[in-house]
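# Coordinate analysis (summary)
Listed below, chain by chain, are the residues.
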Amino acid sequence: MFDLTGKTALVTGASGGIGGAIAKALHGAGATVAIHGTRREALDTLAAELGSRVHVLPANLSKPEEVEQLAKDAEAAMGSLDILVNNAGITKDGLILRMKDEDWDAVINVNLTAAFRLCRAAVKGMMKRRSGRIVNITSIVGVTGNPGQANYCASKAGMIGLTKSLAQEVASRNITVNAVAPGFIATAMTDELNDDQKARINASIPAGRMGTSEEIAAAVLYLASAEAAYVTGQTLHVNGGMAMI
Amino acid sequence: MSDVAERVKKIVVEHLGVEEAKVTENASFIDDLGADSLDTVELVMAFEEEFGCEIPDDAAEKILTVKDAIDFISKAA
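Residues numbered from 1 in each chain as written. Chains lettered and ligands numbered in written order. Predicted model: local features only at pLDDT ≥ 70, side-chain atom pairs only at ≥ 80, totals over all residues. Heavy atoms only, no water.

## A look at the UniProt feature "binding site: NADP(+)" (unreviewed entry) in chain A
Residue and element names in this part refer to chain A.
- In this structure's numbering, the residues bearing the UniProt feature "binding site: NADP(+)" (unreviewed entry) are T38, N87, Y152, C153, A154, S155, K156 and I185. An extended arrangement is adopted by the annotated residues: their sequence extent is 148 residues, and the largest C-alpha distance between any two is 22.7 Å.
- When you line up the elements, C153 lands in helix α6 (residues 150-170).
- On the basis of relative accessibility, which here comes to 8%, the residue C153 falls in the buried class. (UniProt positions renumbered as here; feature names shortened; annotations may be inferred. Helix = DSSP H or I, 4+ residues; strand = E, 2+ residues; numbered from the N terminus. Buried < 20%, exposed > 50% of the residue type's maximum accessible area, 1.4 Å probe, protein only.)

What follows is the structure, encoded as structure tokens:
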């Protein structure tokens, strides 16, 4: 099940915990992967770990021309682009009262606008080939909201709207567009929380623990597979029961 | 002129997978050649690529038949 042999995938934000796990999962299922990120060293380490069928493509997603180039480079390096995973994301938290325009713009640009640009670029080739998979990594807070993260939550809610609209536009071409919404996932970011904070978080999750990057990657792998052909426009929540939507 | 017409027809045949004989100048993409709205957008993009011209949205909306496409491209190119 979930064989991606011969398929090509671009994963943005692969220098992070979740993105790296997604790249590994798709690669493990046989896909050739292009890994994007901002931290070259982390990408090179991941590439070395994967060995073959991997291309390293760093780019600054806040620059439109670099986003366009990334899509072109991915297609050029792999010959096609069958699977696009928009995983890259940044946060610039703060209460709205104190949130600067730059903080709002930066988060919307990288999280939402870059995802739109990559979708637009990728879908051209997918339409010609009459097949494709796009998976956008959103977040539970895109649905529930979160104080101090208006920009981040807006960008993640925006990705869900983008996902649903594009899914309707291209469904007739055998292209599916879905979102995966992680809840609390143990990453470098959550490692910084103290034990008290972690205990409080775990108490709010029915499963009683944070999720792992691999559990997010498994959801992405499913949506990228041939088996998920009839699933489109959906948001798959992977959150240990924290929110049931 | 005839060169443009031939290239346009070739793109339509390839893209919509229809018989060449059906692609007459008066054929409507949607009514006669079975295109859906997404096909018409793809055709416009294929024309842009083939002829290296830009077809603005308001002009693209008026390209309903093979002849419309040939006329627009002949003027633009």
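Having seen the structure, we can now continue with the description.
## Considerations on a negative patch on the surface
Residues and elements named next belong to chain B.
- Together, E54, D57, D58 and E61 make up a region of like negative charge exposed at the surface.
- Structurally, the position occupied by E61 is in the loop between α3 (57-60) and α4 (66-76).
- Judged by relative accessible area, which is 62%, E61 ranks as exposed. (Patch = residues over 30% accessible without salt bridge, like charges linked within 9 Å, V, L, I, M, F, W, Y side chains within 5 Å. Areas by Shrake-Rupley, 256 points an atom, 1.4 Å probe, with all protein chains shown as cover. Salt bridge = Lys/Arg side-chain N within 4 Å of Asp/Glu carboxyl O. Lys, Arg positive; Asp, Glu negative; His and termini not counted. Charge placed at Lys NZ, Arg CZ, Asp CG, Glu CD.)

## With respect to the sheet that holds strand β6 (residues 175-182) of chain A
Residues and elements named next belong to chain A.
- Judged by pairing direction, the sheet is parallel, and its seven strands sit side by side in the order β3-β2-β1-β4-β5-β6-β7 without closing on themselves. Two strands lie at the open edges of the sheet, namely β3 (54-56) and β7 (235-238), each paired on one side alone. Across this sheet, the average inter-strand angle for adjacent strands is 15°, counted without regard to direction.
- Note: strand β5 (residues 132-137) against β6, six bridges, orientation parallel. Bridge pairing in β6 places I137 opposite V180.
- Running at roughly 160° to β6, α6 makes contact with β4 (83-86), β5, β6 and β7 of the sheet. (Pairing = 2+ DSSP bridges. Axes fitted to C-alpha atoms, helices over the stretch in contact; angles between N-to-C directions. Contact = heavy atoms within 4.5 Å.)

## Quick word on the interface of chain A and chain B
- Contact with chain A, which involves eight residues of that partner, is made by seven residues of chain B.
- Across the interface of chain A and chain B, roughly 530 Å² is buried in total on both sides, 47% from carbon and sulfur atoms.
- Here chain A is connected to chain B by six salt bridges.
- When the shortest N-O distance is used, the salt bridge between R130(A) and E42(B) registers 3.7 Å.
- The tally of links from chain A across to chain B stands at three residue pairs in polar contact (both at pLDDT 80 or more).
- Sorting elements by how many residues they give to the side of chain A that touches chain B places helix α4 (residues 101-129) of chain A first, with three residues.
- Here the residues of the side of chain A that touches chain B are counted per class, giving two nonpolar, one polar and five charged. (Buried area = accessible area lost by both parts, 1.4 Å probe. Polar contact = N/O pair within 3.5 Å; in protein donor to acceptor, adjacent residues only side chain to side chain. Nonpolar A, V, L, I, M, F, W, Y, C, P; charged D, E, K, R; others polar.)

## Points about α4(B)
Residue and element names in this part refer to chain B.
- If you check which residues of α4 are buried, you get V66, A69, I70 and I73. In a view along the axis of α4, the buried residues occupy a sector of 95°, so they form one face of it.
- Considering only its buried residues, α4 is in contact with α1 (2-16) and α2 (37-51). (Arc of directions from axis to C-beta.)

## A word on the pairing of β6(A)
All names here are of chain A.
- β6 sits mainly inside the fold: eight of its eight residues count as buried.
- Where burial is concerned, the two faces of β6 agree: the one with I175, V177, A179 and A181 and the one with T176, N178, V180 and P182 are both buried.
- Sheet analysis places β6 next to β7, joined by four bridges and oriented parallel. Counterpart to A181 in the pairing with β7 is H237.

## Details of the nonpolar core
Residues and elements named next belong to chain A.
- L10 and L84 are the most contacted members of the largest nonpolar core, which has 34 residues in total.
- Contributions of two or more residues to this core are made by α3 (64-78), α4, α6 and β6.
- When residues in this core are grouped by element, the largest group, twelve residues, is from α4.
- Here L10 is in contact with A34, H36, L70, A74, M78, L81, I83, L84, V85 and L118, once residues within four sequence places are set aside. (Core = buried A, V, L, I, M, F, W, Y, C linked by side-chain atoms within 4.5 Å.)

## As for the pattern of salt bridges
Residues and elements named next belong to chain A.
- Counted by the stated rule, this structure contains 16 salt bridges over all chains.
- With a shortest N-O distance of 3.1 Å, R120 and E68 are connected by a salt bridge. Residue R120 is found in helix α4, and its partner E68 is found in helix α3; the two are separated by 52 residues along the sequence.
- Its relative accessible area of 40% is what places R120 among the partly exposed residues.

## Comments concerning the UniProt feature "active site" (unreviewed entry) in chain A
Residues and elements named next belong to chain A.
- According to UniProt, the feature "active site" (unreviewed entry) maps to Y152 in the numbering used here.
- Relative to the assigned elements, Y152 resides in helix α6.
- Discounting chain neighbours no more than four positions away, the residues touching Y152 are I90, T91, V107, N111, S139 and V141.

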